[in-house]
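Here is how the chains run, residue by residue.
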Amino acid sequence: MKRLEFGPNGTPPVLFLHGFPGVRSKQNREIAEKVAGLLGRRAIVLLYEGLGQAAGEFSFERCLVDVEAEFKAITSKSAPIDLVGHSWGGFQAIRLAGLYGSDVRRLVLMSPLLKFFDQAVCERSFADTARDNPSLKLGDVVERAREFVEIGTSHPRGDLLAKIPIHVETTILQAADDQITPGIVSKVASASIRGPLKYEIRETDHSFLLDRDGTIERIAAALV
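If you're wondering where the values come from, they're calculated on a predicted model, not measured in any experiment.

S.K.: Summarise the packing of aromatic side chains; cite the residues concerned and give the values.
M.R.: Under the defined criterion, the tally for this structure stands at twelve aromatic pairs. Note on phenylalanine 126 and phenylalanine 148: the rings are 5.8 Å apart at their centroids and 90° apart in plane angle, and the pair reads as edge-to-face. In this pair, phenylalanine 126 is assigned in helix 4 (residues 119–132) and phenylalanine 148 in helix 5 (residues 141–154), connecting sequence segments 22 residues apart. On the basis of relative accessible area, phenylalanine 126 is assigned to the buried category, the value being 5%. Assessed through its relative accessible area of 6%, phenylalanine 148 is described here as buried. Taken together through their ring pairs, the aromatic side chains of Phe20, Phe58, Phe60, Trp88, Phe91, Phe116, Phe126 and Phe148 make up a single cluster. When the ring centre of tyrosine 199 is taken as origin, the NZ or CZ atom of lysine 187, which lies over that ring, is 4.4 Å away.

Put into structure tokens, the structure is as follows:
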């Protein structure tokens, strides 16, 4: 899996997990770079295979495995770390915090993916995404939809959030104009989090394209 790294080797490092497909948000690469500068710490962005910035073909199932392997490699040398997850990356960040809580210090979730759609909706959506973005390599969209639905079914959001250890400080930045994870979904789901929690509505869309500078400042403040 391809990595981008920004900033000095300050600790703890911040691992950024972007959404699917991350086209509009540009994988939040500039957010990571600016947060690294504000904090004086290393920021790492993982770029998932097949989504334009990294070679290969994308798979939701393989992405989970690859991100987990990268997380382990990073934390084996520097732990605990901070996690910033956006949408699909937010889902992965929650999952990692639940599995490896002792290696996570703080968690920032940008409209985390907590609502998984059904097979038919996913097939249409992924087909449109592949058509509109030729640089993406999604392969068989029916298979991608199957993976997506299966992951959502096998990882109930309440169970995932409840597994975040009580010592992990969680900040949820929820986009106000969000059709992927509506605010009501993240607000209700957040009640399952046992540790310190800050929940904030941001006046932006799911890709966080509006007020990027404000979002960057808010992320940096949550990681101090």
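Let us keep going from here.
S.K.: Which residues make up the sheet that holds strand 1 (residues 2–6), and what values go with them?
M.R.: One open sheet holds the seven strands; their spatial order is 1-3-2-4-5-6-7, and the pairing between them is mixed. Of all the strands in the sheet, just strand 1 and strand 7 (197–205) have a single pairing partner and so form its edges. Along the sheet, successive strands turn relative to each other by an average axial angle of 20°, direction set aside. Summarising the sheet, strand 6 (residues 169–177) and strand 7 pair through seven bridges and their orientation is parallel. Across the sheet, the residue bridging to leucine 173 is glutamate 200, located in strand 7. This element, helix 1 (residues 29–39), spans strand 1, strand 2 (14–17), strand 3 (43–47) and strand 5 (104–110) of the sheet and lies at about 35° to strand 1.

S.K.: Would you mind going over the pattern of salt bridges in detail, with residue names and values included?
M.R.: Overall, the coordinates contain 22 salt bridges when judged by the stated rule. Its salt-bridge partner being arginine 106, residue glutamate 169 comes within 2.9 Å of it at the nearest N-O pair. Remark: arginine 106 occurs in strand 5 and glutamate 169 occurs in strand 6; sequence separation between them is 63 residues. Between aspartate 132 and arginine 131 there is a salt bridge, with the nearest N and O atoms lying 3.1 Å from each other. Connected through shared salt-bridge partners, Arg3, Glu5, Arg42 and Glu70 make up one network.

S.K.: With reference to specific residues and values, describe the packing of helix 2 (residues 60–75) against helix 3 (residues 88–99).
M.R.: Direction vectors running N to C along helix 2 and helix 3 enclose 50°, while the axes themselves pass 11 Å from each other. Looking at the two axes, helix 2 sits oblique to helix 3. The handedness of the crossing between helix 2 and helix 3 is right-handed. On helix 3, the residues touching Phe60, Cys63, Leu64, Val67, Glu68 and Phe71 of helix 2 are Trp88, Phe91, Gln92, Arg95, Leu96 and Leu99. Residue classes in the contact of helix 2 with helix 3 are distributed as nine nonpolar, one polar and two charged.

Scoring rules and cut-offs
- Residues numbered from 1 in each chain as written.
- Predicted model: local features only at pLDDT ≥ 70, side-chain atom pairs only at ≥ 80, totals over all residues.
- Heavy atoms only, no water.
- Phe/Tyr/Trp six-rings, centres within 6.5 Å; stacked < 30°, edge-to-face > 60°.
- Helix = DSSP H or I, 4+ residues; strand = E, 2+ residues; numbered from the N terminus.
- Buried < 20%, exposed > 50% of the residue type's maximum accessible area, 1.4 Å probe, protein only.
- Lys NZ or Arg CZ within 6 Å of the ring centre and 35° of its normal.
- Pairing = 2+ DSSP bridges.
- Axes fitted to C-alpha atoms, helices over the stretch in contact; angles between N-to-C directions.
- Contact = heavy atoms within 4.5 Å.
- Salt bridge = Lys/Arg side-chain N within 4 Å of Asp/Glu carboxyl O.
- Parallel < 35°, antiparallel > 145°, perpendicular 65-115°, else oblique.
- Left-handed = near helix turned anticlockwise from the far one by under 90°.
- Nonpolar A, V, L, I, M, F, W, Y, C, P; charged D, E, K, R; others polar.

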